[in-house]
Amino acid sequence: MLRIVVCVSGSGTNLQAILDGIDTGRVTNTELTAVISNNAGAKALKRAEEHGIPGICISPREYADRETFNRAFTEELCRRKPDLVVLAGFLVKIPEQAVAAFPNRIINIHPSLIPSFCGVGYYGLKVHEKALERGVRVTGATVHFVNEGMDEGPIIAQKAVYVEDNDTPESLQRRVMEQAEWILLPQAIDDIANGRLTVADGKVRRKV
Ligand code: GRF
């Protein structure tokens, strides 16, 4: 049984896709043991509560400095003893000590086809604004392992989504969520929970 902790900051639609995946049996061999948010008002925490899953708020604002927050966040993660940490719209940079404590055991969903529109400053709606500004015809989402960089870890899976001429950032974000994020993240968790992925030389391979 893969024990997972999910980190969130906002509405929690990706968390909901994981919860629904477990409930419907699309995600197997997985137990969601806790949800951690940096935002006490995150709707994602309400989704966890409705599912009877412990929700914890750890915000950098509660700590004297970032280093103290990083230590507290990492200690909380370790206390939960997860096999996998899932970043589902988590807007806080993962501390290096947490990445070191969970090598190739933290995954993130990013709303673009990495290496496009990613890295520092590319998050949430801003990603889609930049995609529309550039005029790309295809965008999508990427689920990847987290390393010490920003959106630079080994790519697990990607899914393309066509941009439509009348798209706004909001309509594009919604379609990328529906057609890519909410499919990729549960699928990646199920693959990891059932031992289908290997990482070698920074590349992810699916066992046939
Ligand atoms: C999603 O667009 C995700 O790709 C990005 O942040 C947003 C989170 O949405 N990382 P939600 O909180 O899962 O609804």
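About the criteria used
Residues numbered from 1 in each chain as written. Predicted model: local features only at pLDDT ≥ 70, side-chain atom pairs only at ≥ 80, totals over all residues. Heavy atoms only, no water. Pairing = 2+ DSSP bridges. Helix = DSSP H or I, 4+ residues; strand = E, 2+ residues; numbered from the N terminus. Axes fitted to C-alpha atoms, helices over the stretch in contact; angles between N-to-C directions. Contact = heavy atoms within 4.5 Å. Near = heavy atom within 4 Å. Polar contact = N/O pair within 3.5 Å; in protein donor to acceptor, adjacent residues only side chain to side chain. Areas by Shrake-Rupley, 256 points an atom, 1.4 Å probe, with all protein chains shown as cover. Core = buried A, V, L, I, M, F, W, Y, C linked by side-chain atoms within 4.5 Å. Buried < 20%, exposed > 50% of the residue type's maximum accessible area, 1.4 Å probe, protein only. Expected span 1.5 Å × (residues − 1). Phe/Tyr/Trp six-rings, centres within 6.5 Å; stacked < 30°, edge-to-face > 60°.

1. A closer look at the sheet that holds strand β2 (residues 30–37)
Then step 1. An order of β3-β2-β1-β4-β5-β6-β7 is seen for the seven strands of this open sheet, with the pairing classed as mixed. Every other strand in the sheet has two partners, leaving β3 (55–57) and β7 (155–162) as the edge strands with one partner each. The sheet shows a mean angle of 20 degrees between the axes of neighbouring strands, taken without regard to direction.
Then step 2. Sheet analysis places strand β1 (residues 2–8) next to β2, joined by seven bridges and oriented parallel. Its bridge partner lying in β2, I4 is registered against L32.
Then step 3. Its contacts with the sheet place helix α2 (residues 43–50) against β1, β2 and β3, and it is angled at close to 145 degrees to β2.

2. So, the site of the ligand
Then step 1. For the ligand, the full set of nearby residues is G10, S11, G12, T13, N14, G89, I109, P111, Q173, M177 and E181.
Then step 2. Here an oxygen atom of the ligand sits 2.9 Å away from a polar atom, N or O, in the side chain of N14.
Then step 3. Coverage of the ligand by the protein amounts to 92% of the 360 Å² it exposes when considered alone.
Then step 4. Contributions of two or more residues to the shell around the ligand are made by α1 (13–24) and α6 (169–193).

3. Describing the nonpolar core
Then step 1. Counting residues in hydrophobic clusters, the biggest one holds 41 residues, and the most contacted among them are I107 and I189.
Then step 2. Take this core: its biggest share by element is nine residues, from α6.
Then step 3. Listed in part, the 19 residues of the second largest apolar core include C7, F73, V85 and I106.

4. A word on helix α3 (residues 66–80)
Then step 1. Compared with the 21 Å implied by 1.5 Å per residue over 15 residues, the 21 Å span of α3 between its first and last C-alpha is a close match.
Then step 2. The complete set of buried residues in α3 reads F69, N70, A72, F73, T74, E76 and L77.
Then step 3. Elements that come into contact with the buried residues of α3 comprise β1, β2, β3, β4 (84–87) and α4 (96–101).
Then step 4. Backbone geometry just downstream of α3 places K81 in the positive-phi region, at approximately 50 degrees.

5. Focus: the packing of aromatic side chains
Then step 1. Overall, the coordinates contain three aromatic pairs when judged by the stated rule.
Then step 2. Measuring from centroid to centroid gives 5.6 Å for F73 and F90, while their planes differ by 15 degrees, and the two rings are stacked. Taken together, the residues span a long stretch of sequence, with F73 in helix α3 and F90 in the loop between β4 and α4 at a distance of 17 residues. The burial state of F73 is the same as that of F90; both residues are buried.
Then step 3. An aromatic cluster is present here, built from Y63, F69, F73 and F90 joined pairwise through their rings.

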